[in-house]
Structures are given as C-alpha cells and as structure tokens.
Amino acid sequence: MKYDVKKDHPALYSPSSKTFSDVVVPPLKYLAVEGAGDPNTAPAYAAAIEALFSTSYTLKFASKARGRDYVVAPLEALWTADDPSAFVSRDKTSWQWTALINQPEWITDDDVAAAIEASAVKKPNPALSLTRLITLDEGRSIQILHVGSYDEEGPTLARLHDEYMPQNGLTFAGLHHEIYLNDARRTRPEKLKTVLRQPVRAALP
C-alpha cells in the first residue's frame, strides 16, 4: 500500500470543525523552507512552495522506482511573530514562516540532496538551496478544522488562545501550525479546509 500521511494519521489530518481536539503528534519528517513576510505577496513564499513541491515529487518518483511509492502530502506551515496577536489581527507583514511538506520516514538527507539537484536542473529556483529535511516533534497539541477563508481564522484562534487553553490549564509549547487540505488555487475561499494546530504543555501553577 502507498504511504499516505493523511490516512496513516487520521486523527492529525481529519479533526472536527466543531470542537478542539487534544492529540499527541509523533515525530514526523518534513521538507522545510524558512522565510518571512506576507504569504500573499512575498516572492520568497511562492518560491518556497514551488521548491517544496518540485523536490517532493522528484523524491516520490525516485522512491517509487525503488519500489516504495507514496502520496505527496499537503502543504503545511509553521507560523510565528514577535507579537502572537498578529495572527488574530492578521498583520501578515510581521509573520515568519516555515513552509513544510511531510515525507515518509525512509527518505534520507542524501535522497533530498539528489532531488534538489535534479529539480534545479529542470527549473532553477533560489529556494531550492534553502530546502532541508527536518524532524518535527510537536507532542501534545490542540487542533481544529477551519472551513473557510484563511483570513477568517482569527476568531477561532482567539477562542483557542484566550478561552480553551486558559480554561484547560495549557500554555504554548511550539509554533502555530497549519495544514492546507485544499489547493487554494482551485478552491473557493469559503470551501478551504485548514487544520489549525497549537503544540501545548501544562501551564505552571
């Protein structure tokens, strides 16, 4: 069977859209590119996404040729800002991001280096030199499925940060994480499905 992170980890990729879910995220491998700025306008963000998908598909075809096929995972991203309220207010110019695509556990640094080299031959992209393989270990996290425009996430994040987490004795233990289950280029804003995830830990008394 093909590896498919969405099917192998349904609790992580198919949460409820009505209530917050308390999950434990195991260590997972990702291709990653870091950058900063408004994702709607920053050329670096578009270049990062292109580099991630180009490398991911090159990795997939090379792995399939070796007898281990898998489904290329959806785009994900970690987001941070000096002032966390920038996510609720949607002040995108102050955002810093790490764009991600999950990879099977058998993908190695050597595999990635070869895929980046092959991708650069096909189409040069400055973000390819920034692409790296990382392991993300988020552990306990709270998440929910947001249906609708990315710009409408603010109220849900406010509920998570200002109500759910304090009421349950939780505090931040990692970066805000989003998983984009649709292709935004082919999906109407009101139909977009995004997993909103926040790693947490017990707050000090």
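What you see is a predicted model; the values in this text were computed from it and never measured.

What counts, and at which threshold
- Residues numbered from 1 in each chain as written.
- Predicted model: local features only at pLDDT ≥ 70, side-chain atom pairs only at ≥ 80, totals over all residues.
- Heavy atoms only, no water.
- Helix = DSSP H or I, 4+ residues; strand = E, 2+ residues; numbered from the N terminus.
- Rg over C-alpha atoms; globule rule 2.2 N^0.38 Å.
- Buried < 20%, exposed > 50% of the residue type's maximum accessible area, 1.4 Å probe, protein only.
- Contact = heavy atoms within 4.5 Å.
- Areas by Shrake-Rupley, 256 points an atom, 1.4 Å probe, with all protein chains shown as cover.
- Lys, Arg positive; Asp, Glu negative; His and termini not counted.
- Charge placed at Lys NZ, Arg CZ, Asp CG, Glu CD.
- Pairing = 2+ DSSP bridges.
- Polar contact = N/O pair within 3.5 Å; in protein donor to acceptor, adjacent residues only side chain to side chain.
- Phe/Tyr/Trp six-rings, centres within 6.5 Å; stacked < 30°, edge-to-face > 60°.
- Axes fitted to C-alpha atoms, helices over the stretch in contact; angles between N-to-C directions.
- Left-handed = near helix turned anticlockwise from the far one by under 90°.
- Expected span 1.5 Å × (residues − 1).
- Arc of directions from axis to C-beta.

**Q** I'd like to hear about the overall build of the protein chain, residue by residue, with values.
**A** A tally of regular secondary structure across the protein chain gives six helices and nine strands. In terms of overall dimensions, the protein chain is globule-like: its C-alpha atoms have a radius of gyration of 17 Å, near the 17 Å expected for 205 residues. Overall size of the protein chain, expressed as C-alpha extent along the three principal axes, is 50 × 35 × 35 Å. Evaluated residue by residue, the protein chain yields a buried proportion of 49% over its 205 residues. Sequence separation of 24 or more characterises 76% of the internal contacts of the protein chain that already satisfy a separation of 6 or more. Carbon and sulfur atoms make up 55% of the accessible area of the protein chain, which amounts to about 10500 Å² in all. Separation of charge centres in the protein chain, based on 23 positive and 26 negative side chains, amounts to 8 Å.

**Q** Which residues make up the pairing of strand β2 (residues 28–36), and what values go with them?
**A** Taken together, the five bridges between β2 and strand β5 (residues 132–136) define a ladder with antiparallel strand orientation. In the strand pairing of β5, Leu 31 is matched with Leu 133. Two elements, β2 and strand β4 (residues 96–103), share eight bridges in a ladder whose sense is antiparallel. The residue bridging Val 33 from the neighbouring strand is Ala 99, located in β4.

**Q** Tell me about the side chain of Gln 198, and please be specific about residues and values.
**A** Turning to its location among the elements, Gln 198 is positioned in strand β9 (residues 193–202). Polar side-chain contacts of Gln 198 include one of 2.8 Å to the backbone oxygen of Gly 174. Contact partners of Gln 198, with chain neighbours within four places excluded, come to Arg 140, Ser 141, Ile 142, Leu 160, His 161, Met 165, Phe 172, Ala 173, Gly 174, Leu 175 and His 176.

**Q** Tell me about the packing of aromatic side chains, and name the residues and values.
**A** In total, this model carries eight aromatic pairs according to the counting rule given. Measuring from ring centre to ring centre gives 5.0 Å for Phe 20 and Tyr 164, while their planes differ by 50 degrees; the resulting arrangement is tilted. Of this pair, Phe 20 sits in the loop between α2 (10–13) and β1 (21–25) while Tyr 164 is found in helix α6 (residues 154–167), placing the two residues 144 residues apart along the sequence. Look at Tyr 70 and Trp 106: their rings are 5.9 Å apart centre to centre, the planes differ by 75 degrees, and that puts the pair in the edge-to-face class. With Tyr 70 in the loop between α3 (43–65) and β3 (75–80) and Trp 106 in the loop between β4 and α5 (109–122), this pair connects stretches of sequence that are 36 residues apart. Side by side, Tyr 70 and Trp 106 carry an identical accessibility label, which is buried. Through a chain of ring-to-ring contacts, the aromatic side chains of Tyr 45, Trp 79, Trp 95 and Trp 97 assemble into a single cluster.

**Q** Break down the packing of α3 against α5 for me, citing the residues and quoting the values.
**A** Two elements in contact, α3 and α5, have axes separated by 9 Å at closest approach and are oriented at 115 degrees. Read as a crossing pair, α3 and α5 show a hand that is right-handed. In this structure, α3 uses Ser 54, Thr 55, Thr 58 and Leu 59 to contact α5, whose residues at the interface are Asp 111, Val 112, Ala 115, Ile 116, Ala 118, Ser 119 and Lys 122.

**Q** Tell me what's going on with the pairing of β1, and back it up with residues and numbers.
**A** In β1, alternate side chains face the same way, and those of Ser 21, Val 23 and Val 25 are buried while those of Asp 22 and Val 24 on the opposite face are not. Bridging between β1 and strand β6 (residues 139–147) involves five bridges; their strand directions are antiparallel. By the bridge assignment for β6, Ser 21 is matched with Gln 143.

**Q** How would you sum up α5? Please name residues and give values.
**A** Between the first and last C-alpha of α5 there are 20 Å, a value that for 14 residues agrees with the 20 Å anticipated at 1.5 Å per step. Considered for burial, the residues of α5 that qualify are Asp 111, Val 112, Ala 115, Ile 116 and Ser 119. Around the axis of α5, the buried residues are gathered within 130 degrees of arc, so they sit on the same side. In α5, the exposed residues that point more than 90 degrees away from the buried face are Asp 110, Glu 117 and Val 121. Elements that come into contact with the buried residues of α5 comprise β2, α3 and β5.

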